[in-house]
Amino acid sequence: MDLRLLSSFLAVVEERHFKRAAARLFLSPPAVTQHVRQLESELGTQLLHRNPVSPTRAGTRLAGHARTLLAAANAALDDIAEVVREPLPDTPRPLRIGIMGHGSAELTPAAINAFRRARPDIPVELRQLNFTEHVTALTEDRVDVAFIRPAPDDERIAVDRLTTEQRIVAVPETSALADAREEGVRVADIADLPFFRVPGHTPAAFTDYLYFHHEAQRRSPDCALTPQEVLTGVVAGRAAGSGLKSFARYYAWPGAAFVPVLDAPWASSYLAVRPDDTNPEVRIFRALTLALAQELRPRIER
């Protein structure tokens, strides 16, 4: 039984509302609805009354089992995580590299590969960061270095500017703005686009960047935490997204158009670390990345 389906079902039971359940899970309401329907299809019975939302007799029984199964799954993950965090004797500590979206474009894989060549005995772990982990991945010690944007306003984080690029918006191919992908648009032209929402605990620096300092005022009903979720909403015609010019090279999805925003300030990507980190591998990675940035910056910022 798919635990994702159980999680969506249980959230609807507890919230008594599909939309509130979706917001709690950071999913779209259609996704939660589909999960419940799939679960009902697999079990061959109706689990929820729809109007108003309440569990059927079968749904009430399943909710109890779902709580037990999900609690057991979470306990298992926590238990395994404890073992994984325990280093084997004489095993070098890995360098944990966090990457938001596509990081700093071509510079990110170049820096990682350079570090691997320079320090072949040090394991490297790559961790994809979502939009809410702009600061917390480092402050909660889940990564050692992170490719992020924009620079956080947080004294617990030190940053090096790596690249600076023109801003773009991602819109459906069917949008009238898609015709302006060559000549570009202005911020005033995008104010009414339905930009996807992010959770309330997303750092303010990131939301300011995302919404062009809130000059893009409309919000889609869809919530997104990753570029993939953004583009899913874009190609479905439900949302718009924003990013850097290199975004188009890394996320060239059919059905999405990327339009330059001519009068928006260019934005930078950064390498972020904890300023008090004494790990020598962090210093080595930082030095390699900055050296490569000097070499690759003209190609990325073109």
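See the structure shown above.
Thresholds, definitions, all that
Residues numbered from 1 in each chain as written. Predicted model: local features only at pLDDT ≥ 70, side-chain atom pairs only at ≥ 80, totals over all residues. Heavy atoms only, no water. Helix = DSSP H or I, 4+ residues; strand = E, 2+ residues; numbered from the N terminus. Contact = heavy atoms within 4.5 Å. Areas by Shrake-Rupley, 256 points an atom, 1.4 Å probe, with all protein chains shown as cover. Salt bridge = Lys/Arg side-chain N within 4 Å of Asp/Glu carboxyl O. Buried < 20%, exposed > 50% of the residue type's maximum accessible area, 1.4 Å probe, protein only. Axes fitted to C-alpha atoms, helices over the stretch in contact; angles between N-to-C directions. Parallel < 35°, antiparallel > 145°, perpendicular 65-115°, else oblique. Left-handed = near helix turned anticlockwise from the far one by under 90°. Nonpolar A, V, L, I, M, F, W, Y, C, P; charged D, E, K, R; others polar. Expected span 1.5 Å × (residues − 1). Arc of directions from axis to C-beta. Phe/Tyr/Trp six-rings, centres within 6.5 Å; stacked < 30°, edge-to-face > 60°. 1 Å grid on protein atoms, 1.4 Å probe; cavity = no way out; pocket = protein on both sides within 12 Å on 5 of 7 lines; lining within 4 Å. Points joined across faces, edges and corners; volume = space filled by probe spheres on them.

For the rest of this paragraph, the subject is the overall build of the protein chain. In terms of helices and strands, the protein chain carries 11 helices and 12 strands. In terms of overall dimensions, the protein chain has C-alpha extents of about 65 × 60 × 35 Å along its principal axes. Here the contacts in the protein chain between residues at least 6 apart in sequence split such that 74% fall between residues at least 24 apart. Accessible surface, the protein chain as shown: approximately 15,300 Å² in total, 53% of it carbon and sulfur.

Throughout the structure, instances matching the rule amount to 23 salt bridges. Where Glu 14 meets Arg 67, a salt bridge forms, and the shortest distance between an N and an O atom there is 3.3 Å. Here Glu 14 is found in helix 1 (residues 3–15), whereas its partner Arg 67 is found in helix 4 (residues 57–85), with 53 residues between them in sequence. Overall, Arg 67 belongs to the partly exposed group, its relative accessible area being 41%. The partner of Arg 20 in a salt bridge is Glu 15, with the nearest N and O atoms 3.9 Å apart. By relative accessible area, Glu 15 is classed as partly exposed at 23%. Here the residues in one salt-bridge network are Arg 93, Arg 96, Asp 141, Asp 144, Arg 274 and Asp 277, joined through shared partners.

This next bit is on the packing of helix 1 against helix 2 (residues 18–25). Helix 2 packs onto helix 1 with a crossing angle of 125° between their chain directions and a minimal axis gap of 8 Å. Accordingly, the angle class assigned to the pair helix 1 and helix 2 is oblique. As helix 1 packs across helix 2, the resulting crossing turns out to be right-handed. Along the contact surface, helix 1 presents Ser 7, Ser 8, Ala 11, Val 12, Glu 14 and Glu 15, while helix 2 presents Phe 18, Arg 20, Ala 21, Arg 24 and Leu 25. Its residues assigned to classes, the contact of helix 1 with helix 2 shows 5 nonpolar, 2 polar and 4 charged.

Along its 15 residues, helix 3 (residues 29–43) runs 21 Å from first to last C-alpha, staying within 8% of the 21 Å computed at 1.5 Å per residue. All of the buried residues in helix 3 are Val 32, His 35, Val 36, Leu 39 and Glu 40. Along the axis of helix 3, the buried residues cluster in a sector spanning 130°; they form a single face. The exposed residues of helix 3 that point more than 90 degrees off its buried face are Arg 37 and Ser 41.

Below, the discussion takes up the packing of aromatic side chains. Counted under the stated rule, the structure contains 9 aromatic pairs. Look at Phe 195 and Phe 212: their rings are 6.3 Å apart centre to centre, the planes differ by 70°, and that puts the pair in the edge-to-face class. A residue pair is termed long-range when its members are at least 10 positions apart, and Phe 195 in strand 8 (residues 195–197) and Phe 212 in the loop between helix 8 (204–210) and strand 9 (219–223) qualify at 17 residues. Residue Phe 195 is classed as buried on the basis of its relative accessible area of 1%.

Moving on to the layout of surface pockets. Each pocket or cavity is described by its volume, and for the second largest pocket that value is around 280 Å³. Lining the second largest pocket are 17 residues, with Arg 167, Tyr 209, His 213, Pro 265 and Ala 267 sitting closest to its centre. Within the residue set of the lining of the second largest pocket, elements represented by two or more residues are helix 8 and strand 12 (267–273).

Turning our eyes to something else, we now look at empty space enclosed by the protein. Enumeration over the complete set of coordinates arrives at 1 cavity of 30 Å³ or more. The space that makes up the largest cavity amounts to roughly 110 Å³. Lining the largest cavity are Met 100, Gly 101, Phe 131, Arg 149, Phe 196, Phe 206, Tyr 209, Leu 210, Pro 227, Val 230, Ser 242 and Phe 247. For the lining of the largest cavity, the secondary-structure elements that each account for two or more residues are helix 8 and helix 9 (227–235).

End to end, helix 5 (residues 107–118) covers 16 Å across 12 residues, agreeing with the expected 16 Å (1.5 Å per residue, within 8%). Buried within helix 5 we find Leu 107, Thr 108, Ala 111, Ile 112, Ala 114 and Phe 115. The buried residues of helix 5 occupy an angular sector of 160° when projected down its axis, which confines them to one face. For helix 5, the elements touching its buried residues are strand 3 (95–100), strand 4 (124–129), strand 5 (145–148), strand 6 (158–165) and helix 11 (280–300).

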